[in-house]
Amino acid sequence: MIEIPSHAAEAETHVLRRAITDDESRSASRAWWDLDADDYQAEHGGFLGDVDFVWCPEGLREADARLLGDVRKKQVLELGAGAAAGARWLSGQGADVVAMDLSAGMLRHAREAGERSGVRVPLVQADALALPFRAGAFDIVCTAFGAIPFVADSGAAMREVARVLRPGGSWVFSITHPMRWIFWDEPDETGLIARNSYFDRTPYVETDERGVPTYVEQHRTLGDRVRELVAAGFVLRDLVEPEWPPGHEEIWGQWSPLRGRLFPGTAIFVAVRG
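Let me begin by describing the structure that accompanies this report. All values reported here derive from a predicted model rather than from experimental measurement.

### Notes on helix α1 (residues 22-48)
Part 1 of the argument: Taking 1.5 Å as the rise per residue, α1 with 27 residues should run 39 Å; its terminal C-alpha atoms sit only 29 Å apart, a clear shortfall.
Part 2 of the argument: Where α1 ends, the next residue or the one after it, glycine 49, has phi of about 75 degrees, a positive value.

### Quick look at the nonpolar core
A general tendency of soluble globular proteins is for nonpolar side chains to be buried together.
Part 1 of the argument: Ranked by size, the top nonpolar core spans 40 residues in total, and within it Phe53, Trp55, Leu68 and Leu90 carry the most contacts.
Part 2 of the argument: Among the elements that line this core, the one with the most residues is α1, at 6 residues.
Part 3 of the argument: Ala128, Val151, Val161 and Ala162 belong to the second largest nonpolar core, which has 31 residues in total.

### Brief notes about the packing of helix α5 (residues 154-164) against helix α6 (residues 222-231)
Part 1 of the argument: Where α5 meets α6, the axes come as close as 9 Å, and the angle between the chain directions of the two elements is 40 degrees. With respect to α6, the axis of α5 lies oblique. Along this stretch, α5 crosses α6, giving a crossing that reads as right-handed. The segment α5 lies against α6, with Ser154, Gly155 and Met158 engaging Arg225, Glu228 and Leu229.
Part 2 of the argument: Residues belonging to the contact of α5 with α6 are distributed by class as follows: 2 nonpolar, 2 polar and 2 charged.

### Concerning helix α4 (residues 104-117)
Part 1 of the argument: A rise of 1.5 Å per residue sets the reference length of α4, with its 14 residues, at 20 Å; its end C-alpha atoms lie 20 Å apart and thus fit the reference within 8%.
Part 2 of the argument: Turning to α4, the residues buried within the fold contact α1, α3 (85-92), β3 (96-101) and β4 (123-125).
Part 3 of the argument: A positive phi of about 80 degrees marks glycine 118, the residue just after α4.

### Remarks on the environment of arginine 17
Part 1 of the argument: Examined against the element boundaries, arginine 17 turns out to sit in strand β1 (residues 14-17).
Part 2 of the argument: Between the C-alpha atom of arginine 17 and that of proline 203, which follows or precedes it by 186 residues, the distance is 5.5 Å.
Part 3 of the argument: In contact with arginine 17, not counting residues within four places along its chain, are Trp181, Asn196, Asp200, Thr202, Pro203 and Tyr204.
Part 4 of the argument: A distance of 3.2 Å separates the side chain of arginine 17 from the side chain of aspartate 200, its partner in a polar contact.
Part 5 of the argument: Among the polar contacts listed, one links the side chain of arginine 17 to the backbone oxygen of threonine 202, at a separation of 3.0 Å.

### What to know about unusual backbone geometry
Part 1 of the argument: The backbone phi angle of alanine 84 is positive, close to 65 degrees, even though this residue is not glycine.
Part 2 of the argument: Tracing the chain through its elements places alanine 84 in the loop between β2 (75-79) and α3.
Part 3 of the argument: Even without glycine at this site, alanine 147 takes up a positive phi of about 65 degrees.
Part 4 of the argument: Residue position: alanine 147 is located in the loop between β5 (138-144) and α5.
Part 5 of the argument: Overall, alanine 147 belongs to the buried group, its relative accessible area being 15%.

About the criteria used
Residues numbered from 1 in each chain as written. Predicted model: local features only at pLDDT ≥ 70, side-chain atom pairs only at ≥ 80, totals over all residues. Heavy atoms only, no water. Helix = DSSP H or I, 4+ residues; strand = E, 2+ residues; numbered from the N terminus. Expected span 1.5 Å × (residues − 1). Core = buried A, V, L, I, M, F, W, Y, C linked by side-chain atoms within 4.5 Å. Buried < 20%, exposed > 50% of the residue type's maximum accessible area, 1.4 Å probe, protein only. Axes fitted to C-alpha atoms, helices over the stretch in contact; angles between N-to-C directions. Parallel < 35°, antiparallel > 145°, perpendicular 65-115°, else oblique. Left-handed = near helix turned anticlockwise from the far one by under 90°. Contact = heavy atoms within 4.5 Å. Nonpolar A, V, L, I, M, F, W, Y, C, P; charged D, E, K, R; others polar. Polar contact = N/O pair within 3.5 Å; in protein donor to acceptor, adjacent residues only side chain to side chain.

Everything listed is a geometric property; what it means functionally is a separate question.
Written out as structure tokens, the structure is:
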């Protein structure tokens, strides 16, 4: 699921940087996506499609990139699947797919899209830090902007992914490129000015008027992500930084042609369980 935060777009939202617990992250993310699911799909559903696997706002598709390899007859888990367009596409390629998300609102859209398209996959509501699957259940785990940026302990999420993967299984995930943390999210020229420290891992938190977190996003450096993968027993095979394609003029949150042609907006990690 491609995540684009509002980053305090509404007047009553308060923004701060502070430590956050897993429970706070989980509660905020579930509530956020339950409330935002309709608007998100109305705005981005056309770009993502009902049966397609889009890795990022740059428009890189698995049909072209083939980062997951041959998925025929493979057991696949799409983590943070949102409306599960990627899972349905994988099913059409011959994979045996499960789509999982924390948000009931997003899974409702997944059911509706399955009915529209006629491509239905099993849907599971669960937390990335406690995957409800046996060890070694999958050949591939993947996510497009799901789960990893939103949990306080992403290293633990990596270990959970490793647990449910068979030896030699693939773990492929896309996230906002860590260098984007340096900049504010404006897609125009004001978003080209470095304002934040790349090395500040303090979470970005939006709260309501009572101080309750409503949106939480975590930052890790590229090196942090590599160390998380290695500590969980993975071997990093590739790090893809999609370039902004010619003719692509669509603005999606902080992603824009202006910024995309100057520096990467997405990082895709391709790893294999040892």
